[in-house]
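Spelled out, the chains give:
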Amino acid sequence: MNAEAATDAVRLHGVEYKWRARDAFGLSIGEFEVSRGERLLLLGASGSGKSTLLSLLTGLVSSQSGTLEILGTRLDKLSGGARDQFRAEHFGIIFQMFNLLPYGAVIDNVMLPLSFAPERRARAMAAGGTENEARRLLSALGLPADIGRQTAATLSVGQQQRVATARALIGSPEIVVADEPTSALDDGRQQDFLDLLFGQIDATKATLIMVSHDRRLAQHFTRVIELNDILATSKSGAPA
Ligand code: ADP
Ligand code: MG
């Protein structure tokens, strides 16, 4: 820990990634840095590579070149297993399609990340027990008290989104990543959801990185950037 507190949340330099297919989409990031505690919105058109970038910085896919430093750790130097462990401990991820286990109880969906993340588990334990913490988050996100026993498949889209958010927040990961989490909601519900999310993010001082195509969200963030503005412009050599 110690020196890590002084490091950025995210620091990408010269990162190249190309999906493994003929003529596949490639992403080339010049510089991308996020300080701890920022609430950042990254804007880009549909298909511009926002989800790909999130997969890269959470280590779901590995770059072909460049340096990715997360919380002071060189993600690009870790093995696949170590990357998975690092992601589980340090990232809360709200996926665009939520990725809940449909037949799992809501409460089990929320507690799931703790199975792979001893530090997050310890923080949830210290906050009053893992199950209590899961219930507290569900309630803080505006869900009814008895929702924990329902299976995820029975929930509305708005409820699924809040359950996915509770799952991302449990155990207070340092970085919360959200992939267009409001895209399925109407405007009034978007606002409610963002207020609840920001309330929880502020409480744990987590860094928030949200990606979206919706520029109306910009007013809610401490910094807004365009994906286009962090792309490397070099045309000299495509990645091998
Ligand atoms: P966005 O999230 O901004 O809509 P994506 O990162 O999902 O954009 O996609 C960017 C490009 O990468 C698209 O052309 C898409 O088809 C391609 N892509 C995404 N996922 C894969 C994959 N698993 N395999 C191959 N190509 C992919
Ligand atoms: Mg996407």
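Bear in mind that the values here come from a model prediction, so they are computed numbers and not experimental data.

Trainee: Explanation requested: the packing of aromatic side chains in the structure shown.
Mentor: Working definition: an aromatic ring pair is given by the centre-to-centre distance plus the angle between the planes. Evaluated as defined, the whole model comprises 2 aromatic pairs. Note on Tyr 17 and Trp 19: the rings are 5.2 Å apart at their centroids and 85° apart in plane angle, and the pair reads as edge-to-face. Here Tyr 17 falls in the buried class, since its relative accessible area comes to 6%. When its relative accessible area of 36% is taken as the criterion, Trp 19 is described as partly exposed. Residues Phe 198 and Phe 221 carry aromatic rings whose centres are separated by 5.4 Å and whose planes lie at 90° to one another, so their mutual orientation is edge-to-face. Of this pair, Phe 198 sits in helix α7 (residues 187–204) while Phe 221 sits in the loop between β8 (207–212) and β9 (223–226), and the two are 23 residues apart along the sequence. With respect to class, Phe 198 is no different from Phe 221; both count as buried. The side chain of Arg 39 reaches across the aromatic face of Phe 198, ending 4.0 Å from its centre.

Trainee: What is the right way to read the site of ligand 1 from this model?
Mentor: Close to ligand 1 lie Trp 19, Phe 25, Ala 45, Ser 46, Gly 47, Ser 48, Gly 49, Lys 50, Ser 51 and Thr 52, which account for all nearby residues. One nitrogen or oxygen atom from the side chain of Thr 52 is found 2.6 Å from an oxygen atom belonging to ligand 1. Isolated, ligand 1 exposes 560 Å² of accessible area, and the fraction of that covered by the protein chains is 59%. Residue composition of the shell around ligand 1, grouped by class: 3 nonpolar, 6 polar and 1 charged.

Trainee: Where do I start with the sheet that holds strand β3 (residues 39–43) in this structure?
Mentor: Backbone hydrogen bonds hold the strands of a sheet together, and the pairing may be parallel or antiparallel. Strand order in the open sheet formed by 5 strands is β6-β7-β8-β3-β9, with parallel pairing between adjacent strands. Strand pairing shows two members of the sheet lacking a second neighbour, β6 (91–94) and β9, which therefore form its edges. Averaged over all adjacent pairs, the angle separating strand axes in this sheet is 15°, with direction ignored. Of the pairings in the sheet, the one linking β3 to β8 comprises 5 bridges and is parallel in character.

Definitions and cut-offs
- Residues numbered from 1 in each chain as written.
- Chains lettered and ligands numbered in written order.
- Predicted model: local features only at pLDDT ≥ 70, side-chain atom pairs only at ≥ 80, totals over all residues.
- Heavy atoms only, no water.
- Phe/Tyr/Trp six-rings, centres within 6.5 Å; stacked < 30°, edge-to-face > 60°.
- Buried < 20%, exposed > 50% of the residue type's maximum accessible area, 1.4 Å probe, protein only.
- Helix = DSSP H or I, 4+ residues; strand = E, 2+ residues; numbered from the N terminus.
- Lys NZ or Arg CZ within 6 Å of the ring centre and 35° of its normal.
- Near = heavy atom within 4 Å.
- Polar contact = N/O pair within 3.5 Å; in protein donor to acceptor, adjacent residues only side chain to side chain.
- Areas by Shrake-Rupley, 256 points an atom, 1.4 Å probe, with all protein chains shown as cover.
- Nonpolar A, V, L, I, M, F, W, Y, C, P; charged D, E, K, R; others polar.
- Pairing = 2+ DSSP bridges.
- Axes fitted to C-alpha atoms, helices over the stretch in contact; angles between N-to-C directions.

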